[in-house]
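# Coordinates in review
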Amino acid sequence: MSSPDTEIYDLRGLKCPYPAIKTEKRLRAMASGTTLTVETTDPLAVIDIPHLCNEKGHTLLTSEKTESGHRFVIRKG
């Protein structure tokens, strides 16, 4: 169950670099301290999303493999 300040962003089926670009754009529109759950199937997202968080000052709370890809939970910096 997700908390009210958690948004789920389904980016499954998109190829690099779109998951990272769309995640960055979505985070820019969100309030600081809110969390975003990103679902991806792009294998390069496991490199791109943590790098994005590091570069932009967001916190990667979890990164986990799912049945169809990967799930990232990010707290906006």
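Quick caveat, the model's predicted, so the values are computed rather than measured. (Residues numbered from 1 in each chain as written. Predicted model: local features only at pLDDT ≥ 70, side-chain atom pairs only at ≥ 80, totals over all residues. Heavy atoms only, no water.)

Its place among the elements puts Glu 39 in strand β2 (residues 35–40). Judged by its relative accessible area of 10%, Glu 39 is buried. Here the side chain of Glu 39 touches Arg 71 through a polar contact of 2.6 Å, side chain to side chain. Excluding its chain neighbours within four sequence positions, the residues that come into contact with Glu 39 are Ile 8, Tyr 9, Asp 10, Leu 11, Arg 12, Thr 66, His 70 and Arg 71. (Helix = DSSP H or I, 4+ residues; strand = E, 2+ residues; numbered from the N terminus. Buried < 20%, exposed > 50% of the residue type's maximum accessible area, 1.4 Å probe, protein only. Polar contact = N/O pair within 3.5 Å; in protein donor to acceptor, adjacent residues only side chain to side chain. Contact = heavy atoms within 4.5 Å.)

Moving on to the UniProt feature "domain: UPF0033" (unreviewed entry) in the chain. The UniProt feature table records "domain: UPF0033" (unreviewed entry) at residues 9–76. Each end of residues 9–76 is marked by a C-alpha atom, and these two atoms are 14 Å apart; helix forms 34% of the span and strand 32%. (UniProt positions renumbered as here; feature names shortened; annotations may be inferred.)

The subject of this paragraph is the packing of aromatic side chains. The tally for this structure, following the rule as stated, stands at 0 aromatic pairs. A cation sits over an aromatic face here: Arg 26 above Tyr 9, 3.8 Å from the ring centre. (Phe/Tyr/Trp six-rings, centres within 6.5 Å; stacked < 30°, edge-to-face > 60°. Lys NZ or Arg CZ within 6 Å of the ring centre and 35° of its normal.)

Moving on: a nonpolar patch on the surface. Side chains of Leu 44, Val 46 and Ile 47 sit close together on the surface and give an oily, nonpolar patch of about 260 Å² of accessible area. Within the secondary structure layout, Val 46 lies in helix α2 (residues 45–56). (Patch = residues over 30% accessible without salt bridge, like charges linked within 9 Å, V, L, I, M, F, W, Y side chains within 5 Å. Areas by Shrake-Rupley, 256 points an atom, 1.4 Å probe, with all protein chains shown as cover. Salt bridge = Lys/Arg side-chain N within 4 Å of Asp/Glu carboxyl O.)

A word on the sheet that holds strand β4 (residues 70–75). Pairing in this open sheet of 4 strands is mixed, and the strands run β1-β2-β4-β3 from one edge to the other. Edge positions in the open sheet fall to β1 (6–11) and β3 (59–65), since each of these has one partner strand only. Each adjacent strand pair in this sheet contributes to an overall mean axis angle of 15 degrees, direction not counted. Sheet topology note: the β3/β4 ladder contains 6 bridges and is antiparallel. From the neighbouring strand, Lys 65 faces β4, where its bridge partner is His 70. Against the sheet, helix α1 (residues 18–28) contacts β1, β2 and β4, and its axis sits at roughly 155 degrees relative to β1. The strands touched by α2 are β2, β3 and β4; relative to β4, the strand with the most contacts, the crossing angle is about 0 degrees. (Pairing = 2+ DSSP bridges. Axes fitted to C-alpha atoms, helices over the stretch in contact; angles between N-to-C directions.)

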